[in-house]
Amino acid sequence: MEVDDETAKAWRNTSPRLRAQIGKNLEQVLTYSLSKTREENFELLLQDARNEAAKNGLTEDILNQLLNEEN
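Quick caveat: nothing in here was measured; it's all calculated off a predicted structure.

**As for the confidence of the model for the protein**
1) Next: Mean pLDDT over the protein: 89, with 97% of residues reaching 70 or higher.
2) Next: When mean pLDDT is taken per element in the protein, helix 1 (residues 5–12) scores highest with 94 and helix 3 (residues 60–70) scores lowest with 84.

**Side note on the layout of surface pockets**
1) Next: Empty space within the largest pocket amounts to approximately 220 Å³.
2) Next: For the largest pocket, the full set of lining residues is M1, V3, T7, A8, A10, W11, I22, G23 and L26.
3) Next: The set of elements that each furnish at least two residues to the lining of the largest pocket consists of helix 1 and helix 2 (16–55).
4) Next: For the lining of the largest pocket, the leading source of residues is helix 1, giving 4 residues.
5) Next: Looking at the lining of the largest pocket residue by residue, the class counts come to 7 nonpolar, 2 polar and no charged.

**Examining the side chain of T14**
1) Next: Residue position: T14 is located in the loop between helix 1 and helix 2.
2) Next: Here the side chain of T14 touches A10 through a polar contact of 2.6 Å, landing on its backbone oxygen.

What counts, and at which threshold
- Residues numbered from 1 in each chain as written.
- Predicted model: local features only at pLDDT ≥ 70, side-chain atom pairs only at ≥ 80, totals over all residues.
- Heavy atoms only, no water.
- pLDDT = per-residue confidence, 0-100.
- Helix = DSSP H or I, 4+ residues; strand = E, 2+ residues; numbered from the N terminus.
- 1 Å grid on protein atoms, 1.4 Å probe; cavity = no way out; pocket = protein on both sides within 12 Å on 5 of 7 lines; lining within 4 Å.
- Points joined across faces, edges and corners; volume = space filled by probe spheres on them.
- Nonpolar A, V, L, I, M, F, W, Y, C, P; charged D, E, K, R; others polar.
- Polar contact = N/O pair within 3.5 Å; in protein donor to acceptor, adjacent residues only side chain to side chain.

Encoded structure:
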């Protein structure tokens, strides 16, 4: 992970105990942020698919009709 020089120096001068605590906190933040990013990316992908389908004439109503015809 890249940080500025001041932060790197402070990290090198931090006790192992504090490093461990910061590491756990950072892990939690990263896990949450990356999970949120995946969800947001999935939503964007779905929206792109919806837009492309609509552009090609496949509306939600038409899709529902097609799905009902198969049953």
